[in-house]
Amino acid sequence: MELEHARQAGLYREMRHGRTEGAHITIDGKSMLNLCSNDYLGIGATHIPQGQIQSSSRLLAGNDESYMKLEDTLAAHKSHESSLVYPTGYMANMGAISAVASKGDLICSDELNHASIIDACRITGATISIYKHNDMDELNSKIRCDAKNKFIVCEGIFSMDGDYSNLAQISETARKEGAITILDDAHGDFAVGNDGRGTPAELGSSVDLYVSSLSKGLGSFGGYIASQKNIIDLCVNCSRQFIYTSALPRQLVEHAAERLDSDRSGHQATLRKNIGLLSKGLEQLGYSTGSTHIMPIHVGDEKTAVKYGQFLFERGVFAQPVRYPTVPLGEARLRISVTAWLSSKDIDFALGVFEAARTRFSA
Ligand code: PMP
């Protein structure tokens, strides 16, 4: 992508330095309500242990003993036999999908899947068949073909639209067609389902290979997969994003394990309450936002989305415009994420700003 073209099309991306604290973020000395955070549960500060970082990959000297507890707890949390931590969720998708699928296989992938799933599918060498978002008829017709192994991959809660996948129907199709299901539940994990067990628990379903991030609902850092022991073993042996990179520092492994051990139910209940308050308020203003903690405000045009974000910014609400190629061209939006950090007062404040934005941008 040429930078000049990106600037003219309203697609230029710029980094801003900020500091996050609770429900707020301070940018250029200005404190704003943060509606861009994926720290959905808002658990708060957890002590990060001190000490030497391993400075090695896990198959060499980096496999700190703290991994044992974290991976055992994650496997139990997901009701899978085993689990494996990667440095990030991005690498977990890349590493796991490229370990299990290869040339001669078929991967059916939802058109709205995250970039890390898309990139992962591309490096497998398998045939990739994209089906329309959550369109089960199209999935059913695309999966009916000869292939060495068949896979269906989708997100639990879609990161830019905030809707659920049709997991029950996907599992049924997979069962009939002998396909393996892969679910990236980065946005559902810890936030939904009994005890934060994620989208499969919320929808009463199950998957063969579960991929997630520790950097969102849990508010920690890292990525992981959960599956049968032989799949985990395959990833340890074949997953280049696991083998050829340094291990996640043990401080972060312990941080994630501590959060996983903590009682998160109160945070989950606050998150649910906040979703209810914000979605009801936005609906009353004429916005249509869905019912999860990811609430897209669809604007359409990229340049308008940038102006919309700037309008909110100037009034103390931080909600970034999301544009192509993260979402299709002409489908730019403000992606609002709800967290348990927000108080009722914060939500009222945000609704006041969204009311002003509605007046300004629908005129
Ligand atoms: N999958 C999805 C659906 C995501 O939204 C993201 C992060 N935006 C990732 C994977 C990557 O997770 P991480 O930030 O841990 O690399």
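The rules we used
Residues numbered from 1 in each chain as written. Predicted model: local features only at pLDDT ≥ 70, side-chain atom pairs only at ≥ 80, totals over all residues. Heavy atoms only, no water. Near = heavy atom within 4 Å. Polar contact = N/O pair within 3.5 Å; in protein donor to acceptor, adjacent residues only side chain to side chain. Nonpolar A, V, L, I, M, F, W, Y, C, P; charged D, E, K, R; others polar. Phe/Tyr/Trp six-rings, centres within 6.5 Å; stacked < 30°, edge-to-face > 60°. Helix = DSSP H or I, 4+ residues; strand = E, 2+ residues; numbered from the N terminus. Buried < 20%, exposed > 50% of the residue type's maximum accessible area, 1.4 Å probe, protein only. Lys NZ or Arg CZ within 6 Å of the ring centre and 35° of its normal. Core = buried A, V, L, I, M, F, W, Y, C linked by side-chain atoms within 4.5 Å. Salt bridge = Lys/Arg side-chain N within 4 Å of Asp/Glu carboxyl O. Contact = heavy atoms within 4.5 Å. Pairing = 2+ DSSP bridges. Axes fitted to C-alpha atoms, helices over the stretch in contact; angles between N-to-C directions. 1 Å grid on protein atoms, 1.4 Å probe; cavity = no way out; pocket = protein on both sides within 12 Å on 5 of 7 lines; lining within 4 Å. Points joined across faces, edges and corners; volume = space filled by probe spheres on them. Parallel < 35°, antiparallel > 145°, perpendicular 65-115°, else oblique. Left-handed = near helix turned anticlockwise from the far one by under 90°.

1. What about the site of the ligand?
With respect to spatial proximity, 14 residues lie near the ligand, and among them Gly 89, Asp 184, His 187, Ser 213 and Lys 216 are the closest. The separation between an oxygen atom of the ligand and a polar main-chain atom of Gly 89 is 2.8 Å. Take Asp 184: an N or O atom from its side chain is 2.6 Å from a nitrogen atom of the ligand. When its residues are assigned to classes, the shell around the ligand shows 2 nonpolar, 9 polar and 3 charged.

2. A few points about the packing of aromatic side chains
Counting across every chain of the model gives 6 aromatic pairs. Judged by centre distance (6.0 Å) and plane angle (80 degrees), the ring pair of Tyr 287 and Phe 354 falls under edge-to-face. Linking Tyr 287 in the loop between helix H12 (265-284) and strand E11 (294-300) with Phe 354 in helix H14 (residues 344-361), this pair joins segments that are 67 residues apart in sequence. By relative accessible area, Tyr 287 is classed as buried at 5%. On the basis of relative accessibility, which here comes to 0%, the residue Phe 354 falls in the buried class. Counting every residue linked through ring pairs, the aromatic cluster contains Tyr 308, Phe 311 and Phe 361. Here the basic side chain of Arg 58 rests over the ring of Tyr 67, its NZ or CZ set 3.6 Å away from the ring centre. Taking NZ or CZ as reference, Arg 358 lies 4.9 Å from the ring centre of Tyr 287, over its face.

3. Observations regarding the nonpolar core
Core analysis: the largest hydrophobic core is formed by 65 residues, its most contacted members being Leu 35, Leu 70, Leu 312 and Phe 354. Counting residues per element, this core draws most heavily on H14, which supplies 7 residues. In this structure, Met 91, Ala 99, Cys 121 and Phe 151 belong to the second largest nonpolar core, which totals 26 residues.

4. Topic: the pattern of salt bridges
Scanning the entire structure with this criterion turns up 15 salt bridges. Between Glu 138 and Lys 132 there is a salt bridge, and its shortest N-O distance comes to 3.1 Å. Take Glu 138: its relative accessible area is 18%, and that puts it in the buried class. The closest approach of N and O atoms between Arg 333 and Glu 331, which form a salt bridge, is 3.5 Å. Shared partners join several salt bridges into a network, and the residues in it are Lys 132, Glu 138 and Lys 142.

5. Concerning the environment of Gly 266
In this fold, Gly 266 is placed in helix H12. Exposure remark for Gly 266: the relative accessible area of 41% places this residue in the partly exposed category. Once the C-alpha coordinates of Gly 266 and Ile 43 are considered, the two residues, 223 residues apart in sequence, prove to be 9.5 Å apart.

6. Describing the side chain of Ser 337
The residue Ser 337 is located in strand E14 (residues 332-337) in this model. At 2.7 Å, the side chain of Ser 337 forms a polar contact with the backbone oxygen of Ser 37. With residues near it in sequence (within four places) discarded, Ser 337 still touches Leu 35, Cys 36, Ser 37, Asn 38, Tyr 40 and His 293.

7. Some words on the pairing of strand E1 (residues 18-21)
As paired strands, E1 and strand E2 (residues 24-27) are joined by 4 bridges and run antiparallel to one another. Each residue of the ladder has a partner; that of Thr 20, found in E2, is Ile 25. In this structure, the hairpin formed by E1 and E2 is closed by a connection of 2 residues, where Gly 22 is found at a positive phi of approximately 60 degrees.

8. Observations concerning the sheet that holds strand E13 (residues 321-322)
What the 3 strands build is an open sheet, ordered E11-E14-E13; its pairing is antiparallel. Sheet topology places E11 and E13 at the edges, where each strand pairs with a single neighbour. Here 2 bridges tie E13 to E14, and the two strands are oriented antiparallel to one another. Bridging across to E14, Val 322 finds its partner in Arg 333.

9. Observations concerning the sheet that holds strand E10 (residues 223-227)
The strand order across the open sheet built from 7 strands is E4-E10-E9-E8-E7-E5-E6, with neighbouring strands paired in mixed fashion. In the strand order of this sheet, the two ends are held by strand E4 (82-86) and strand E6 (127-131), each with one partner. Along the sheet, successive strands turn relative to each other by an average axial angle of 20 degrees, direction set aside. Bridging between strand E8 (residues 180-184) and strand E9 (residues 209-213) involves 3 bridges; their strand directions are parallel. The residue of E9 that forms the bridge with Leu 183 is Tyr 210. Packing of helix H3 (residues 66-78) onto the sheet brings it into contact with E4, E9 and E10, and relative to E4 it is tilted by some 125 degrees. Taken strand by strand, helix H4 (residues 89-100) contacts E4, strand E5 (106-110), strand E7 (150-155), E8, E9 and E10, and its axis lies near 160 degrees from that of E9.

10. Digging into empty space enclosed by the protein
For the structure on display, the rule yields 1 cavity of 30 Å³ or more. The space that makes up the largest cavity amounts to roughly 50 Å³.

11. What to know about the packing of helix H6 (residues 136-143) against helix H7 (residues 167-177)
At their nearest, the axes of H6 and H7 sit 11 Å apart, and the two run at 15 degrees to each other. With respect to each other, H6 and H7 are oriented roughly parallel. In the packing of H6 onto H7, the handedness of the crossing is right-handed. Contact residues: Met 136, Leu 139, Asn 140 and Ile 143 in H6; Gln 169, Ile 170, Thr 173 and Glu 177 in H7. Of the residues contributing to the contact of H6 with H7, the split by class is 4 nonpolar, 3 polar and 1 charged.

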